[in-house]
Amino acid sequence: MPDRSPEQSQTPEADDRAGRDEQPPRRPVTLLQQRGIEAEVLIPFIRRLEGEMGKARAHQVAREVIEEIARQQGQQVAEALGRDDLTGFTEVKDSWGGAGGDLTIETLRQDDGRLEFNVVGCRFAEMYRQMGAEDLGFILSCARDFSLSEGYSPDLQLDRTQTIMQGATFCDFRYRLAHPTDATATTTTTEEDSLPQA
């Protein structure tokens, strides 16, 4: 009697069980979902810090920590992509909205030297508002953007004067690649210069 391979010896019942045991592929977590998961932990933690050290100091500490994390993430993204130009960063930007349109983006300019767009719809702001943390949304999400670009490339400059999170009708993102010679001489405009902190 010829030997039977393991594949031949498997019964139809075993095949059926194996098929049932297979799990469908998991969908990647969107950035909005990730921020929501983080917020479930960070919001009560920051509220506790507010009681311990005062609101201003608690927000400063939280912001410094989150910005440093974002800076490291920017470095990791550049390393993973193997590039730190605007074309690579555009791929990063395109991932922010997720599959469900978490951000509604109107692109104004996109080339080798500049990436300019407005965010006219933001489900991140809606999420923090629903969580009763409208005052923390800027710290938990928006404040990351400058540090992320710094970590991605020291020559990538972001100018942004307003955000939906702070009450504006849209966020104005203006990225440009600065030459190394003028990167340190450029003063970056932030929304803090024109809008009060939430």
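See the structure above.
Residues numbered from 1 in each chain as written. Predicted model: local features only at pLDDT ≥ 70, side-chain atom pairs only at ≥ 80, totals over all residues. Heavy atoms only, no water.

**As for the overall build of the chain**
Under the convention used in this document: Numbering of helices and strands runs from the N terminus; a helix is a DSSP stretch of H or I covering at least four residues, while a strand is a stretch of E covering at least two. Relative accessibility decides the category of a residue: with a 1.4 Å probe and only protein chains considered, values under 20% of the type maximum give buried, values over 50% give exposed, and everything between is partly exposed. Residue contacts are counted whenever heavy atoms from the two residues lie within 4.5 Å of one another. Only the protein chains shown count as cover for residues, and all accessible areas are computed by the Shrake-Rupley method using a 1.4 Å probe.
Of regular secondary structure, the chain possesses 9 helices and 4 strands. The linear arrangement of helices and strands in the chain, starting from the amino end, is α-α-α-α-α-β-β-α-α-α-β-β-α. Relative to its full complement of 198 residues, the chain shows a buried share of 39%. Nonlocal contacts in the chain, meaning residues at least 24 apart in sequence, comprise 65% of its contacts between residues at least 6 apart. Of the roughly 11900 Å² of accessible surface on the chain, 50% is carried by carbon and sulfur atoms.

**Observations regarding the environment of Glu 50**
What counts, and what does not: We define a polar contact as two N or O atoms separated by no more than 3.5 Å, with the added condition that, inside protein, one atom must be a possible hydrogen donor and the other a possible acceptor, whereas residues neighbouring each other in sequence contribute only through side-chain atom pairs.
Here Glu 50 is to be found in helix α3 (residues 31–53). When sequence neighbours within four positions are dropped, the list of residues in contact with Glu 50 reads Lys 55, Ala 58, His 59, Asp 135 and Leu 136. Looking at Glu 50, its side chain comes within polar contact range of the side chain of Arg 47, at 2.9 Å.

**Let's talk about the pairing of strand β1 (residues 103–110)**
Rules: Strands pair, by our definition, only if DSSP identifies at least two bridges between them.
Sheet analysis places β1 next to strand β2 (residues 114–122), joined by 7 bridges and oriented antiparallel. Bridged to Glu 106 within β2 is Asn 118. Count of turn residues in the β1/β2 antiparallel hairpin: 3 residues.

**A look at helix α6 (residues 123–130)**
For clarity, the cut-off: Directions are taken from the helix axis to each C-beta atom, and the arc is the one they span.
Residues of α6 that are buried include every one of Phe 124, Ala 125, Met 127 and Tyr 128, and no others. Across the axial projection of α6, the buried residues extend over an arc of 160 degrees, all falling on one side. Packed against the buried residues of α6 are α3, α5 (86–96), β1, β2 and α7 (137–142). Phi for Gly 132, located one or two positions after α6, is positive at around 70 degrees.

**Side note on the side chain of Arg 160**
In this fold, Arg 160 is placed in the loop between β3 (156–159) and β4 (171–177). With a relative accessible area of 0%, Arg 160 lands in the buried category. Of the polar contacts made by the side chain of Arg 160, one reaches the side chain of Asp 145; its length is 2.4 Å.

**Points about the sheet that holds β2**
Quick reminder of the rule: Note on geometry: axes are C-alpha line fits, over the in-contact stretch for helices, and angles between N-to-C directions span 0 to 180 degrees.
Pairing within the open sheet is antiparallel, and its 4 strands lie in the order β1-β2-β4-β3. The open sheet has two edge strands with one neighbour each: β1 and β3. The average angle at which neighbouring strand axes cross in this sheet is 20 degrees, direction not considered. Set on the sheet, α5 makes contact with β1, β2, β3 and β4; between it and β2 the angle comes to about 5 degrees. Strand contacts of helix α8 (residues 144–152): β3 and β4, with the helix running at about 165 degrees to β3, the strand carrying the most contacts.

**What about the pairing of β2?**
A regular strand places its side chains on the two faces of the sheet in alternate fashion. Counted residue by residue, β2 has 7 buried out of 9 residues, so it is predominantly covered. The pairing of β2 with β4 spans 6 bridges and is classified as antiparallel. By the bridge assignment for β4, Arg 114 is matched with Arg 176.

**Details of α8**
Judged by how many residues are buried, α8 sits mostly within the fold: 8 of 9 residues are covered. Among all positions of α8, only Arg 144, Asp 145, Phe 146, Ser 147, Leu 148, Ser 149, Gly 151 and Tyr 152 are buried. Here the buried face of α8 lies against α3, α4 (55–81), α5, α7, β3 and β4.

**Describing the packing of α4 against α8**
The test is simple: By definition in this entry, angles of less than 35 degrees are roughly parallel, angles greater than 145 are roughly antiparallel, angles of 65 to 115 are roughly perpendicular, and the rest are oblique. Should the near helix be turned anticlockwise from the far one by less than a right angle, the crossing is left-handed, and should it be turned clockwise, the crossing is right-handed. Asp, Glu, Lys and Arg are counted as charged, while Ala, Val, Leu, Ile, Met, Phe, Trp, Tyr, Cys and Pro are counted as nonpolar; the rest, among them Gly, fall into the polar class.
One can describe the packing of α4 onto α8 by two numbers: an axis separation of 7 Å at closest approach and a directional angle of 40 degrees. On the basis of their axis angle, the class for α4 and α8 is oblique. α8 is crossed by α4, and the crossing has right-handed handedness. Only Arg 144, Ser 147, Leu 148, Glu 150, Gly 151 and Tyr 152 of α8 make contact with α4, whose side of the interface consists of Ile 66, Glu 67, Ala 70, Arg 71, Gln 73, Gly 74, Gln 75, Val 77, Ala 78 and Leu 81. Among the residues forming the contact of α4 with α8, the class breakdown is 7 nonpolar, 5 polar and 4 charged.

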